[in-house]
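Remarks on the overall topology
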Amino acid sequence: MEWLHIALRSLGAIAMLFLITRLLGKKQISQLTFFEYITGITLGELAGFISTDLENHYTHGITALLVWFLVPLTIELVSLKSVTLRKWFEGNGTVMIKDGKVMGKNLKKERYTADELLEQLRKKSVFNIADVEFAVLESSGELNVLLKKENQPLTPKQLGIKVGPEKEPQTVIIDGNIMDEPLATAGFSRAWLQAELEKIGVTKDNVFLGQVDSYGSLYVDLYDDMLQVPANSEKLLLLANLKKCEADISLYGLATNSSEAKMMYEQCARLLRKEIVNLIPVLKR
């Protein structure tokens, strides 16, 4: 019955590891520092020994697990209030590129080769080192990069364009099933969703995934990869109609002989043109 004994010990080890990981927090499985890396390896080794080493007492393994859990947890709590301990256990970031110049001494300090640095830059979609203003190797081993100002992508703020707040897209269809809660969160009903599906000529049963963005546009991915979903042209039609209205108002202003009416039409055309400019980022999505 040794297999049953091993199975029970393994189930206990799994439960302990799951509880320990939950209590240590998400950092334990994401941004690993040196100490957290060592802790993770040791906890895994201990769990393996506890599961299969039938000669040793089970409580001895549990005691070791608890020690390797309580010590890192205590250090983490103390480090929250102590900068010195935090630097000691978690380490500091190392500057690899500063003012566009590669820091050779820091590369040697971290035992980083030029090829490894270029590889890390490519992972950040940077293929030309001359585009980099600043790069730092974090204590977790991740390289963070700041591009030179002229190589950074333009933002609406830099262009003086005001944009509306972006909301989380809501997944309203999964595997052909309508998700009522996300649909209600997006502010729509099943009737609206059905109408949108009819516009593009598909049924919900053929939809693998459907999402609604913050602008109320429905995106669908179909099971049948050969089917092409037609693009939604409603917003472009609305934009065209608004521009036509602006042109008509301007034309009325040119056609009238009344100076008051001409001034009114010109003012309305200016206001409508301003609103069209504000709506273009939304209507052209």
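The structure displayed is predicted, hence computed values, not measured ones. (Residues numbered from 1 in each chain as written. Predicted model: local features only at pLDDT ≥ 70, side-chain atom pairs only at ≥ 80, totals over all residues. Heavy atoms only, no water.)

Turning next to the overall build of the protein chain. Summing up its helical and strand segments, the protein chain has ten helices and eight strands in all. Counting only residues that meet the buried cut, the protein chain has 24% of its 285 residues in that class. Excluding contacts between residues fewer than 6 apart, the proportion of contacts in the protein chain whose partners are at least 24 apart in sequence is 51%. Carbon and sulfur atoms make up 60% of the accessible area of the protein chain, which totals about 20,000 Å². (Helix = DSSP H or I, 4+ residues; strand = E, 2+ residues; numbered from the N terminus. Buried < 20%, exposed > 50% of the residue type's maximum accessible area, 1.4 Å probe, protein only. Contact = heavy atoms within 4.5 Å. Areas by Shrake-Rupley, 256 points an atom, 1.4 Å probe, with all protein chains shown as cover.)

With that settled, consider the packing of aromatic side chains. Counting across every chain of the model gives three aromatic pairs. Judged by centre distance (3.9 Å) and plane angle (15°), the rings of Phe 188 and Trp 192 are stacked. Residue classification places Phe 188 among the partly exposed residues on the basis of a relative accessible area of 25%. Here Phe 208 and Tyr 223 contribute two aromatic rings whose centre-to-centre distance is 5.7 Å and whose plane-to-plane angle is 65°, an arrangement assigned as edge-to-face. (Phe/Tyr/Trp six-rings, centres within 6.5 Å; stacked < 30°, edge-to-face > 60°.)

Trp 192, Leu 193, Glu 196, Leu 197 and Ile 200 are the residues of helix α8 (residues 190-200) that are buried. Mapping the buried residues of α8 onto a view down its axis gives an arc of 135°, with all of them on the same face. When the buried face of α8 is taken as reference, the exposed residues oriented beyond 90 degrees from it are Ala 191 and Glu 198. Taken together, the buried residues of α8 touch β5 (170-174), β6 (177-178), α7 (180-185), β7 (207-212) and β8 (218-222). At the C-terminal side of α8, Gly 201 shows a positive phi close to 75°. (Arc of directions from axis to C-beta.)

Before going further, it helps to spend a moment on the pairing of β5. Sheet topology note: the β5/β7 ladder contains four bridges and is antiparallel. Bridge assignment links Gln 170 to a residue of β7, and that residue is Val 212. Looking at chain direction, β5 and β6 are connected through two bridges and run antiparallel. Within β6, the residue paired with Ile 173 across the bridge is Ile 178. (Pairing = 2+ DSSP bridges.)

One non-glycine residue, Asp 99, adopts positive backbone phi at about 55°. One can find Asp 99 in the loop between β1 (94-98) and β2 (101-102). Judged by relative accessible area, Asp 99 falls into the exposed class, the value being 60%. The phi dihedral of Arg 111 falls on the positive side, at around 55°, and the residue is not glycine. Residue position: Arg 111 is located in the loop between α5 (104-109) and α6 (114-123).

What follows concerns α6. Of the residues making up α6, those classed as buried are Leu 117, Gln 120 and Leu 121. Down the axis of α6, the buried set is contained in an arc of 100°. They therefore lie on one face. Exposed residues pointing more than 90 degrees away from the buried face of α6 are listed as Asp 115 and Lys 123. Among the structural elements, β1, β2, α5, β3 (132-137) and β4 (143-147) are those in contact with the buried residues of α6. Ser 125 sits one or two residues past α6 and shows a positive phi near 65°.

The subject of this paragraph is the sheet that holds β2. Within the open sheet, the four strands sit side by side as β2-β1-β3-β4. Their pairing is antiparallel. Either end of the sheet is taken by a strand with one partner, and the two such strands are β2 and β4. Sheet analysis places β1 next to β2, joined by two bridges and oriented antiparallel. Residue pairing in the sheet places Ile 97 in a bridge with Val 102 of β2. Where α6 meets the sheet, its contacts fall on β1, β2, β3 and β4, and the angle it forms with β4 comes to roughly 70°. (Axes fitted to C-alpha atoms, helices over the stretch in contact; angles between N-to-C directions.)

Within the largest apolar cluster, 14 residues are counted, with the highest numbers of intra-cluster contacts made by Val 172, Leu 193, Leu 197, Val 207, Leu 218 and Val 220. For this core, the secondary-structure elements that each account for two or more residues are β5, α8, β7 and β8. Tallying contributions element by element places α8 first for this core, with four residues. Look past the residues within four positions of Val 207 in its chain and what remains in contact with it is Ile 173, Asp 175, Gly 176, Leu 197, Val 202, Val 220, Asp 221, Leu 222 and Tyr 223. (Core = buried A, V, L, I, M, F, W, Y, C linked by side-chain atoms within 4.5 Å.)

A separate point is the sheet that holds β6. Strand order in the open sheet formed by four strands is β6-β5-β7-β8, and the pairing between neighbours is antiparallel. Edge positions in the open sheet fall to β6 and β8, since each of these has one partner strand only. Contacting β5, β6, β7 and β8, α8 crosses the sheet at an angle of about 65° to β8.

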